[in-house]
Amino acid sequence: MGHHRPNTRSKNKRNRPDDSAEATAEIFRNILSTSQVTEDDVNQLFMISKPACQGCRVNTKDNPNCFCGLIPPPNGSRKSGLWQKTSEVVNALGPDPSDDRRASPETPAGLTNLGATCYANSILQCLYMNKSFRKGVFSIEPDVLKQQPVLDQLARLFAKLHLSKMAYVDSAPFIQTLELDNGVQQDSHEFLTLLFSLLERCLSRSSVLKARTVVQDLFRGGVSHVTKCSKCGNESEASSKIEDFYELELNVKGMKSLDESLDDYLSVEELQGDNQYYCDSCATRVDATRSIKLRSLPAVLNFQLKRCIFLPNTTTRKKITSAFYFPEELNMTRRISEHFQSELIYDLSAILIHKGSAANSGHYVAHIKNENTQQWWEFDDEHVSNLGCQPFGKGSSHSAVKPSQTEPLDHSSSDAINILENGNGPAAGGQQQASNTDVTEVKTFSSCDAYMLMYVLRRTKNGDKMSIDSSDDKAKKEACTSSEADSHLPSHLYEEVETLNDSYIDSCNQYKSRKESELNCITERRQEVRSILSKAAVQSPEKSYFWISMDWLRQWADNIMPSIIDNTSLQCTHGKVPVSKIGSMKRLSGEAWTMLFSKYGGGPMLAKDDYCIDCLFEVARSMARADNYRDRRTLMKELAEAALAGVCLDGKLYYISKTWLQQWLRRKTVDSPCDADAGPTASIRCPHGQLMPEQAAGARRVLIPESLWNFIREIAMAVKPDDAVGCSTFILDSEPCAQCNSQLTEVACLEDTLRGFKLKQRQSHERLAMGKSIPILPGSKYFLLPSSWLSKWKSYSNASGKSAPSAEPETLDAVIDLLMCEKHSRLLERPPDLVCKRGSILQKSPATDALTIITNNDWKLFCEDWGGTEAKGITAEIDCLGNEFLGSSEDMAISEEHMNLSDESNAGPESRKPIIKISLEVVEIWPLQD
């Protein structure tokens, strides 16, 4: 045989306290019999000698010496209060301002994203990280800043980015000054173009040269659109016109590198055939060439990569996500039309990246190189990350050394680095490659998301400063000097930022102080609680002790800032400690009480001898009364059960409510009467103070013996002493109330009459009562009746018992009068439509029509029973002779739009169409037309 698994269902359940309850009851019996309370009685009733438990999970109420469960285990915690996790306590203090502190002065600050302003943040960071542009902004006069809000907010923004101690700066003031929609993302290229235009207008008010022309000096170049005659070699007059540019827009589709895109941008277009050019010198249309020539280059060269193209078939924009290669060092000498003795070398300084595959959405970030440290940083709104010496970080891609004429390798990642030899890679056809005898290695990067490239002009290879244009001025040369030191902030901007920094540092210090204070307070409180609870138990019976409220003790052990001691809930009316509060209090040692009372005060102080003798005797007397009540009730229950069973009873008998007695028997045995014991004869007493006839609702009764009646009346009067009505005495010979009996008889007769009337209504109008349609015969006379009145009549006639409605239908004359227009004496409701079904003519929608067709017999009976005049009825006859009426137009008339009949029986073309003809006495034509 297999072993049965032991039953552990009741393993952790406590035994029912039957034994202890009986011992307690015996103590109170002795107290009542001897009229004295011994010390042993007090010890047992107040559980003084009960041993203190150790290690129980929850605090038990039946042991005043148990202090378990007031605090969690050593490694435990709680959801709130003193014992919650330290991390949660710190979180409750709110965000730590120092978390937003800039890591170091060398670490750039971010900009807050106001919803969809990442495009603006990326452009602003590119401009700020350019030292020359930053210096120009800081050199604007204070008077000009006051007059130009855009310049003022830009200068403030740059000053905060420059000196703020916070890791990010709020961009809202500047964005709001531009009146940009925070929730709509714009194109970064369009934003930069509009911003340059706005800054040029605002800066024109400045008298400081490097501030007034900082945009033009740094970002403006010159370009010409040259058309050259292939016959005479002359260029068009427009070819000499130089146009300004602030960025070069390069194609990406079909291009693999920046070098290819520049070749495509500067490529020569042949004008032949239908596209020939008219040459003024030759005075005829001739073959020609057209191209773009770079006349001058700016100090900061921006390339806008045209990744978003328009699809005419779908009228949507698509983003090109193919890889695009671009060098770290760009030689533009061979690209410019003017001859330069020195080479024009540009260094990659910033990459604007558009993340996402969609053209109309996504996220902008900027990778920018610090001109002083040569470190690259990623600017992602508020977050700024160091990328090291590479624009995409270390280890982000592959690297290899390839010959200069070899095409770049395909790659799988979005960002890659390749090492190429001899300059910038492959040269395009028709363009002469710059001669270079020295083998050099130029790093080339690739990205699938690069949207704009920013290059900065540097010094020549022989060490001389580069000349950007033959007409360049001194200010432009100074702007291109890479050794230029950072400019200092104007005093008013410096003071403003320092004030903000002081406020920020102060908030950090306040938070730190508040955090330390809170954690120190919690640590001290926890030590206090553990220390006092370790001394809470009373060590010996001889030691003094005090009673303390368990509710207060629990909140003291849980709360960081407890209130004063409150023992008022423990006191009885005599100001002592009653035994009934033993489950709501704990027995505290004198030492622990002194520690608590000295710190928190309050009270009252309830010591060892403050138990209430009066309450002990009252409890003893209450228990004696309860014992007596239970014993008497047990005897009375036997008599009540016999009475309900109809067992022959002897002696004097009394009437009592049967329902009340049944409920009294079902109630559990209690120690004393309750409110439900009141009113044993209330339901069988009529309003006249006599016995209610038994046929009345709720007046069922039963006879009980005199002893049971006396007991029931006694407990009822004990509960409600003033309720004489509910305890009215009705002996066996009591006669039912004659007046109530007569009223019940009359009501019964009326109900019988009403039931007969309703039965007659249902039988006389059987089809109407059952909701069945009435077949309509041609040549017979019918009447129209309001469907609403018929619905009320049907509900009234079919209802019975308690659900019968009290309201009867209205009289027919009043209802018929409402169907007619008083002014024109014409019908106000639409006549019903008819339908053919299985050879019978029926009303099409009796449930929804305003009028219902009834028979002549139904009309007569309704008039007799519901106050109708037969002559006032609205008659209707059915004619089946097509669209012609029986009789002349003087007899009847009807609107032709209601003559049509839907035939659902698929009758043939010879079928006749039934038509309703309404009596002339009521209606002339429908609808009304004045």
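What you see is a predicted model; the values in this text were computed from it and never measured.

Conventions we followed
Residues numbered from 1 in each chain as written. Predicted model: local features only at pLDDT ≥ 70, side-chain atom pairs only at ≥ 80, totals over all residues. Heavy atoms only, no water. Axes fitted to C-alpha atoms, helices over the stretch in contact; angles between N-to-C directions. Helix = DSSP H or I, 4+ residues; strand = E, 2+ residues; numbered from the N terminus. Parallel < 35°, antiparallel > 145°, perpendicular 65-115°, else oblique. Left-handed = near helix turned anticlockwise from the far one by under 90°. Contact = heavy atoms within 4.5 Å. Nonpolar A, V, L, I, M, F, W, Y, C, P; charged D, E, K, R; others polar. Phe/Tyr/Trp six-rings, centres within 6.5 Å; stacked < 30°, edge-to-face > 60°. Buried < 20%, exposed > 50% of the residue type's maximum accessible area, 1.4 Å probe, protein only. Lys NZ or Arg CZ within 6 Å of the ring centre and 35° of its normal. Salt bridge = Lys/Arg side-chain N within 4 Å of Asp/Glu carboxyl O. Polar contact = N/O pair within 3.5 Å; in protein donor to acceptor, adjacent residues only side chain to side chain. Pairing = 2+ DSSP bridges. Core = buried A, V, L, I, M, F, W, Y, C linked by side-chain atoms within 4.5 Å. Domains from an automatic or database assignment. Lys, Arg positive; Asp, Glu negative; His and termini not counted.

1. A look at the packing of helix α5 (residues 131-138) against helix α7 (residues 149-163)
Thinking step 1. Look at α5 against α7: their axes get within 9 Å of each other, and the N-to-C directions meet at 125°. In terms of orientation, α5 lies oblique with respect to α7. Crossing geometry of α5 relative to α7 is assigned as left-handed. Of the residues in α7, those touching α5 at Phe-133, Arg-134, Val-137 and Phe-138 are Leu-154, Ala-155, Phe-158, Ala-159 and His-162.
Thinking step 2. In the contact of α5 with α7, the residues fall into 7 nonpolar, 1 polar and 1 charged.

2. What about the packing of aromatic side chains?
What characterises a pair of aromatic rings is the spacing of the ring centres plus the angle enclosed by the ring planes.
Thinking step 1. On inspection of all chains with the given rule, the structure shows 26 aromatic pairs.
Thinking step 2. The interplanar angle of 70° and the centroid separation of 6.1 Å between the aromatic rings of Phe-133 and Phe-158 together place this pair among those described as edge-to-face. With Phe-133 in helix α5 and Phe-158 in helix α7, this residue pair connects regions lying 25 residues apart in the sequence. Each member of the pair Phe-133 and Phe-158 is classed as buried.
Thinking step 3. Members of the aromatic cluster, connected to one another through ring pairs, are Tyr-128, Phe-133, Phe-158, Phe-196, Phe-219 and Tyr-246.
Thinking step 4. A cation over a ring is seen here: Arg-587 above Tyr-545, with NZ or CZ 4.6 Å from the ring centre.

3. Brief notes about the pattern of salt bridges
Thinking step 1. Scanning all chains against the criterion turns up 24 salt bridges.
Thinking step 2. The shortest N-O distance in the salt bridge between Asp-347 and Arg-458 comes to 3.5 Å. Taken as a pair, Asp-347 in strand β15 (residues 345-355) and Arg-458 in the loop between β22 (450-457) and α13 (474-479) lie far apart in primary sequence, 111 residues in all.
Thinking step 3. Residue Arg-458 is classed as partly exposed on the basis of its relative accessible area of 27%.
Thinking step 4. The closest approach of N and O atoms between Lys-535 and Glu-591, which form a salt bridge, is 3.6 Å. Placement of the pair is Lys-535 in the loop between α14 (491-534) and β23 (545-549) and Glu-591 in helix α16 (residues 590-600), with a sequence separation of 56 residues.
Thinking step 5. Assessed through its relative accessible area of 47%, Glu-591 is described here as partly exposed.
Thinking step 6. Overlapping salt bridges bring together Glu-22, Glu-26, Arg-29, Asp-627 and Arg-630 as one network.

4. Some points on helix α15 (residues 550-558)
Thinking step 1. For α15, every residue scored as buried is listed here: Met-550, Trp-552, Leu-553, Gln-555, Trp-556 and Ala-557.
Thinking step 2. Contacts made by the buried residues of α15 are with α14, β23, β24 (565-566), β25 (585-589) and α16.
Thinking step 3. Between the side-chain oxygen at the start of α15 and the backbone nitrogen of Asp-551 there is a gap of 3.3 Å, and the oxygen is on Ser-549.

5. So, unusual backbone geometry
Thinking step 1. With an omega of -5°, the peptide bond running from Gly-603 to Pro-604 counts as cis.
Thinking step 2. Inspection of the secondary structure assignment puts Pro-604 in the loop between β26 (602-603) and β27 (606-607).
Thinking step 3. The residue Glu-179 is not glycine, and still its phi comes out positive at about 60°.
Thinking step 4. Its place among the elements puts Glu-179 in the loop between α8 (172-177) and α9 (188-203).
Thinking step 5. Residue classification places Glu-179 among the exposed residues on the basis of a relative accessible area of 71%.

6. So, the pairing of strand β9 (residues 288-296)
Thinking step 1. Counting buried positions along β9 yields 7 of 9 residues, so the element is predominantly enclosed.
Thinking step 2. Where strand β3 (residues 221-229) lies against β9, 8 bridges are found, and the strand directions are antiparallel. Paired with Ser-224 across the bridge in β9 is Lys-293.
Thinking step 3. Summarising the sheet, strand β6 (residues 269-271) and β9 pair through 3 bridges and their orientation is antiparallel. Counted as the bridge partner of Glu-270 is Thr-289 from β9.

7. Focus on the environment of Pro-97
Thinking step 1. Checked against the element boundaries, Pro-97 lands in the loop between α3 (86-92) and β1 (110-111).
Thinking step 2. Sequence separation between Pro-97 and Asn-509 is 412 residues; the distance between their C-alpha atoms is 9.0 Å.
Thinking step 3. Ignoring sequence-local partners within four residues, the contact set of Pro-97 consists of Tyr-504, Ser-507, Cys-508 and Tyr-511.

8. Considerations on the nonpolar core
Thinking step 1. The biggest cluster of nonpolar side chains holds 61 residues, and the ones touching the most others in it are Leu-127, Phe-133, Phe-158, Phe-174, Leu-199, Val-215 and Phe-219.
Thinking step 2. Two domains each put at least three residues into this core: domain 2 (97-214 + 490-509) and domain 3 (221-394 + 443-457).
Thinking step 3. Listed in part, the 36 residues of the second largest apolar core include Phe-245, Leu-250, Leu-294 and Leu-301.

9. With respect to the side chain of Glu-378
Thinking step 1. Tracing the sequence through the fold places Glu-378 in strand β17 (residues 376-380).
Thinking step 2. No salt bridge is formed by the buried Glu-378. Its closest oppositely charged neighbour is Lys-355, at 4.0 Å.
Thinking step 3. Looking at Glu-378, its side chain comes within polar contact range of the side chain of His-367, at 3.1 Å.

10. Focus on the sheet that holds strand β4 (residues 243-245)
Working definition: the strands of a sheet are paired by backbone hydrogen bonds and lie parallel or antiparallel to each other.
Thinking step 1. Within the open sheet, the 4 strands sit side by side as β4-β3-β9-β6. Their pairing is antiparallel. Each edge of the open sheet is held by one strand with a lone partner, namely β4 and β6. If you compare each strand with its neighbour and ignore which way they point, the axes differ by 35° on average.

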